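Read off the chains here:
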Amino acid sequence: MPNREAAPDIEFERAALVVDAELRTELGGPQEQLSAADLTAAYPTRRFVRGWRIGADCSDGIHRRIDLLLSRTFPSGFPRTALVDRPEHMTWPHIEHDGVLCLLPLMADVDAEKPGAVAINLVGRSFRLIEELVDGKIVDRDFREEFLTYWFYGSDSDAPRVYSLVRPGPPSRVVRSWRDGKGLVVVGDDQASLEKWLTDYRDAAPGRSWRTEQAALIWLGEPLLPSEYPVTAADLLPIAERSGEDALATLGTVASALPEDTLVLMGAEGRGGPGLMAVTTTSARRVLSRTGRVERPLTKGFRDAEVPPEWAIARTYSPTPLLRSNVARADAAWIHGRGQDPRSAPLLERTVTVIGCGSVGSSVAARLARAGIGRLRLYDHDELSWSNVGRHELGARSVGQDKAVELARRLAADFPHLSITGEPFGAHALITLEAERLRESDLVLAATGSWQADGELNRWHVDEGRQIPFVYGWAENHASAGHAVVIGPEGGCLRCGVGPTGVPMFQATAWPEGEATLEEPACGNHFQPYGAVELGFVVDLLADAAVQALLEPTNQSSESLWLTRTNRLYANGGNWSEQIHAMFGEHFEGGRWTTRVWPTRECIACGAEA
Ligand SMILES: [Zn+2]
């Protein structure tokens, strides 16, 4: 019986032998092997188990040595290299504190099945990188382009964690910060937006006030080199001076409030877009004087209100150590597209009203939040019951709560950079009491599960001239088909496609047993195991139609359809309708998405009688 533990070791030993042989062949002789003790001494935080030391003369006449290093994951994992004869850490980019080189992104095009070739290739690349560093041209360039990486190496473990909501761009300006007292600082552009974010994030009572302080954002002309990183608060003044008048003025304004700890964000444009770094001053921390009394160094000798501005600046930005923090961006542009997706910005400006937060509407609303719709307004008059839990975005914790209110609360806490509200009433009350809310929307999505409610919304939409798109969604029996109807300013209204009994004329499925009495859409038999899963296709269909209608609006009303797999439909006792067979033939396998034109006629809502 094979020993399963030993198998990877055999593979490793075989690959290591191949590497050793390849090094002899390529480099003209055996290379110095590192002992286990050498490896532990030189790389205590790594798990290297085999290593070779390889020397070469560089173009500046200096002989330098590189270690080729293998861990147990080799050959499925790549080897690493390290520069033995190196300058102090952060003098050269791409070299970690223990000398290990950062070349791995370049290894993607190497065949991992040839361990010898991989090793030789890596050693070659490493010496070429060293030559470039000796030459010097890439040193400053690479430090600046990837400044966040190098700032990360130099950050302090006891510095505050910083979440930033600020817009990462010029000019230098005063921003607001809030501390949770446990080492977290949240920075926002202004008091109102910061309070809104905190209220949602901490699920606090609306109207709660938050104690915030001024903080500084210094926008740098170019990223700092490691040699320019501020060490003491006094180092901030020349950095601000080089960044312009407004930078220096910002530091002055923040200091004049004499905060205990001053947070200074520094931002710059790197290769991958803007980045933020943060420092915290420690000048104001209470110290014990020689007599043992607690002193407040910022205000010493003055009463608080009397400290002259130039003294406040000199004392806040004194030669006392700074704490360096990495900044985690939590602003909307970063969360929805890492700041790189041009579709994020318009969606963040949009308002979508979702009417009906049942099994379909609740999940569509969650999708729209993830898509980064800036303002979501949710409406539903129902409470969540236990029978809803199996297919609703909310679960057991929310049973007995208003669906829309509770869903909005949960989504707001998860997406505090968006504006999400919920009201416990349905379509009729919305039209009667808050029609202005509908008019302010860029899109209205109805997943009401009620033809009567949809009909009422349609009449209002027609009366208002159909100026904004309405999207209606429902599922057929067993979620075997989904419909997303977008009613635009031209083409049919919703009622145009609805028959005299109030049910849509176009049905994708037929139910010989008579199960498909669709008096209430979206209400099919979801208690079947596949129901909740199948419903996901319908949810995606609707979310897709809504985002599409916002990003690439078309005037003409249209319908998107999701059709389940035919074998699933048959298993549930259904058939495709005559209309589906007319579209896709007698041997339709199902499992597809399609669109059709929404019909136009002189209906009682929009036609001559209207
Ligand atoms: Zn019509």
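Residues numbered from 1 in each chain as written. Predicted model: local features only at pLDDT ≥ 70, side-chain atom pairs only at ≥ 80, totals over all residues. Heavy atoms only, no water.

**Examining helix 9 (residues 309–316)**
Okay, so step 1: Of the residues making up helix 9, those classed as buried are Ala312, Arg315 and Thr316. Within helix 9, the buried residues cover an arc of 95° as seen down the axis, which keeps them to one side.
Okay, so step 2: In this structure, the buried residues of helix 9 make contact with helix 8 (245–256) and strand 10 (273–281). (Buried < 20%, exposed > 50% of the residue type's maximum accessible area, 1.4 Å probe, protein only. Helix = DSSP H or I, 4+ residues; strand = E, 2+ residues; numbered from the N terminus. Arc of directions from axis to C-beta. Contact = heavy atoms within 4.5 Å.)

**Observations concerning helix 6 (residues 191–201)**
Okay, so step 1: Turning to helix 6, its buried residues number three or more, namely Leu194, Trp197, Leu198, Thr199 and Asp200.
Okay, so step 2: The secondary structure elements touched by the buried residues of helix 6 are strand 5 (161–164), strand 6 (173–179), strand 7 (184–188) and helix 13 (403–414).
Okay, so step 3: For helix 6, the capping residue at the N-terminal end is Asp190, with a side-chain oxygen 3.2 Å from the backbone nitrogen of Ala192.
Okay, so step 4: Looking one or two residues beyond helix 6, the residue adopting positive phi is Asp203, at roughly 50°. (Polar contact = N/O pair within 3.5 Å; in protein donor to acceptor, adjacent residues only side chain to side chain.)

**Brief notes about the pattern of salt bridges**
Okay, so step 1: A complete count under the given rule lists 33 salt bridges for this structure.
Okay, so step 2: Residues Arg46 and Glu96 are paired through a salt bridge, measuring 3.0 Å at the closest nitrogen-oxygen approach. Of this pair, Arg46 sits in the loop between helix 2 (36–42) and strand 2 (48–57) while Glu96 sits in the loop between strand 4 (80–83) and helix 3 (115–135), and the two are 50 residues apart along the sequence.
Okay, so step 3: For Arg46, a relative accessible area of 21% translates into the label partly exposed.
Okay, so step 4: Owing to a relative accessible area of 16%, Glu96 belongs among the buried residues under this scheme. (Salt bridge = Lys/Arg side-chain N within 4 Å of Asp/Glu carboxyl O.)

**Quick look at the sheet that holds strand 18 (residues 470–475)**
Two modes of strand pairing occur in sheets, parallel and antiparallel, and in both the strands are linked by backbone hydrogen bonds.
Okay, so step 1: The strand order across the open sheet formed by 8 strands is 16-15-14-17-18-19-21-23, and the pairing between neighbours is mixed. Of all strands in the sheet, those with a lone pairing partner are strand 16 (419–423) and strand 23 (590–597), marking the two edges. Ignoring which end each strand starts from, the neighbouring axes of this sheet average 15° apart.
Okay, so step 2: Two elements, strand 18 and strand 19 (residues 481–487), share 6 bridges in a ladder whose sense is antiparallel. (Pairing = 2+ DSSP bridges. Axes fitted to C-alpha atoms, helices over the stretch in contact; angles between N-to-C directions.)

**Focus on unusual backbone geometry**
Okay, so step 1: In this chain, Phe74 is followed by Pro75 through a cis amide linkage whose omega measures 5°.
Okay, so step 2: Note that Pro75 resides in the loop between strand 3 (63–71) and strand 4.
Okay, so step 3: That bond from Pro170 to Pro171 is cis: its omega, 0°, falls within 30 degrees of zero.
Okay, so step 4: Position of Pro171 relative to the elements: it lies in the loop between strand 5 and strand 6.
Okay, so step 5: For His94, which is not glycine, the phi torsion reads 70° and is therefore positive.
Okay, so step 6: Position of His94 among the secondary structure elements: in the loop between strand 4 and helix 3.

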